[in-house]
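# Overview (structure and organization)
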Amino acid sequence: TGTEKSAAGRARLGWRVDGGSEVSPQEHYDHMAGFAAGFGAITLRDFSKSKNKSPAPVHLFWTALARIVSTPNNEQTPTHYIVLNNMLKHSVPRFIGFYGLAAIAALRTACIGFPSGGGPQSQSGSGSDSTVLAVQALPHSWKKDLNLTL
């Protein structure tokens, strides 16, 4: 957690520093989107038929999701929504495969309950609608592509 309005808050949210200066917001969001998609892919790998142990067990995905959606409304940032969107975008079938109905309840909370608090506040103090809308649009794409209704 942290605010994108202070250097300490941005550091807690994972903002990188290149050559002594912070990266642009777009670079940060692109970086976080890549991390989130990779995190989802790695943690949701099925190791049940492998003799090897998972380096990133599936419970880490659940824990990360729970921590994001537990963020109070006044502490939500666009980074939370970008990470949430990219964690979930292509991970739903595997997530449901691991957790079943509990995953569907978690997805409903993440895509419907979490954004209903108004969403993050941007640097200017106005809501960052595009990041919230991206998360809210996920159930519509899952209905169309996966025949999944939350």
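Just above sits the structure.
Now for a look at the structure at hand. (Residues numbered from 1 in each chain as written. Predicted model: local features only at pLDDT ≥ 70, side-chain atom pairs only at ≥ 80, totals over all residues. Heavy atoms only, no water.)

### What to know about the packing of helix 5 (residues 92-99) against helix 6 (residues 101-113)
- Interaxial distance between helix 5 and helix 6 falls to 6 Å at its minimum, and their mutual angle equals 130°. With respect to their mutual orientation, helix 5 and helix 6 come out oblique. Contacts from Val92, Phe95, Ile96 and Tyr99 of helix 5 reach helix 6 at Leu101, Ala102, Ala103, Ile104, Ala106 and Leu107. (Axes fitted to C-alpha atoms, helices over the stretch in contact; angles between N-to-C directions. Helix = DSSP H or I, 4+ residues; strand = E, 2+ residues; numbered from the N terminus. Parallel < 35°, antiparallel > 145°, perpendicular 65-115°, else oblique. Contact = heavy atoms within 4.5 Å.)

### Digging into the packing of aromatic side chains
- On inspection of all chains with the given rule, the structure shows seven aromatic pairs.
- Taking the centre distance of 6.5 Å and the plane angle of 10° together, the rings of Phe39 and Phe61 count as stacked. Of this pair, Phe39 sits in helix 2 (residues 25-43) while Phe61 sits in helix 3 (residues 59-69), and the two are 22 residues apart along the sequence.
- You can call Phe39 partly exposed: its relative accessible area is 29%.
- Here Trp62 and Tyr99 contribute two aromatic rings whose centre-to-centre distance is 4.7 Å and whose plane-to-plane angle is 45°, an arrangement assigned as tilted. Remark: Tyr99 occurs in helix 5 and Trp62 occurs in helix 3; sequence separation between them is 37 residues. (Phe/Tyr/Trp six-rings, centres within 6.5 Å; stacked < 30°, edge-to-face > 60°. Buried < 20%, exposed > 50% of the residue type's maximum accessible area, 1.4 Å probe, protein only.)

### Points about the side chain of Thr43
- Residue placement: Thr43 occurs in helix 2.
- Within the local environment of Thr43, its side chain forms a polar contact with the backbone oxygen of Phe39, the two atoms lying 2.7 Å apart.
- Discounting chain neighbours no more than four positions away, the residues touching Thr43 are Ala56, Pro57, Val58, Leu60 and Phe61. (Polar contact = N/O pair within 3.5 Å; in protein donor to acceptor, adjacent residues only side chain to side chain.)

Keep in mind these values describe shape, not function.
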